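# Coordinate analysis (summary)
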Amino acid sequence: DQQVKQNSPSLSVQEGRISILNCDYTNSMFDYFLWYKKYPAEGPTFLISISSIKDKNEDGRFTVFLNKSAKHLSLHIVPSQPGDSAVYFCAASLNGGATNKLIFGTGTLLAVQP
Amino acid sequence: GAGVSQTPSNKVTEKGKYVELRCDPISGHTALYWYRQSLGQGPEFLIYFQGTGAADDSGLPNDRFFAVRPEGSVSTLKIQRTERGDSAVYLCASSPGTGVYGYTFGSGTRLTVV
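Residues numbered from 1 in each chain as written. Chains lettered and ligands numbered in written order. Predicted model: local features only at pLDDT ≥ 70, side-chain atom pairs only at ≥ 80, totals over all residues. Heavy atoms only, no water.

## Quick word on the overall build of chain B
Counting its secondary structure elements, chain B contains zero helices and 11 strands. When the helices and strands of chain B are placed in sequence order, the string is β-β-β-β-β-β-β-β-β-β-β. Whereas a compact globule of 114 residues would reach a radius of gyration of roughly 13 Å, chain B reaches 13 Å, a difference of no more than 12%. Along the first, second and third principal axes, the C-alpha set of chain B runs to 35 × 25 × 25 Å. Here chain B, with 114 residues, has 47% of them falling under the buried criterion. Contacts in chain B between residues at least 24 apart in sequence constitute 53% of all its contacts with a sequence separation of at least 6. By element, 47% of the accessible surface of chain B is carried by carbon and sulfur atoms, the whole surface being about 5,200 Å². Here chain B carries 11 positive and 10 negative side-chain charges, and the mean point of each set is 6 Å from the other. (Helix = DSSP H or I, 4+ residues; strand = E, 2+ residues; numbered from the N terminus. Rg over C-alpha atoms; globule rule 2.2 N^0.38 Å. Buried < 20%, exposed > 50% of the residue type's maximum accessible area, 1.4 Å probe, protein only. Contact = heavy atoms within 4.5 Å. Areas by Shrake-Rupley, 256 points an atom, 1.4 Å probe, with all protein chains shown as cover. Lys, Arg positive; Asp, Glu negative; His and termini not counted. Charge placed at Lys NZ, Arg CZ, Asp CG, Glu CD.)

## Here we look at the interface of chain B and chain A
Taken together, the contact pairs 22 residues of chain B with 22 residues of chain A. With both sides pooled, the region where chain B packs onto chain A buries about 1,600 Å², and carbon together with sulfur makes up 58% of that total. Inspection of the region where chain B meets chain A yields one salt bridge. Taking the shortest distance from any N to any O, the salt bridge between Asp56 of chain B and Lys101 of chain A comes out at 3.8 Å. (Buried area = accessible area lost by both parts, 1.4 Å probe. Salt bridge = Lys/Arg side-chain N within 4 Å of Asp/Glu carboxyl O.)

Rendered as structure tokens:
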């Protein structure tokens, strides 16, 4: 049972345009959501997060939106740059941070074309 | 060191053999996590340490898997009687403590069981 789903395995965007990566979840008890970026042969790198009590969090070119009623979150990158090309994982946390265990989606490969 | 260090970076072993994977977290980080990433999947939680104790080992798939962190710093993931299905990238992450969600991952150990 996949509790966190990223239905788009890949996305291709032109440099300078907006990249929108989507994530759906099934468990309404998730209290925190995060996005990680992963380059080949490296570990995932934390990008941005959002608490379940918020609906938007912005950090530079990156904005995460949370729609609790739809159990959906999205990551917007604008403007997209070739260095943003990587696999992006959506993750969710349960248990109010007691163990800080994360449940990851399967990832979306973003390719930003120069 | 500056980041989370995992050794070896690659390990090839024969089916039925015993392997140990090592994780050296960021100095001072009390929380340590092991995840496993299979091909085409997101990281999957295995075990969480707070200090020396395993606070949550609910992700360990069976009793062939065991992890220790005897002095609250370096951790070793041990796999007995390896099977081909154990082939994956094993990721270690650390964070300063509970409630800190964007923890830092190492580059992982790619385990191949032949």
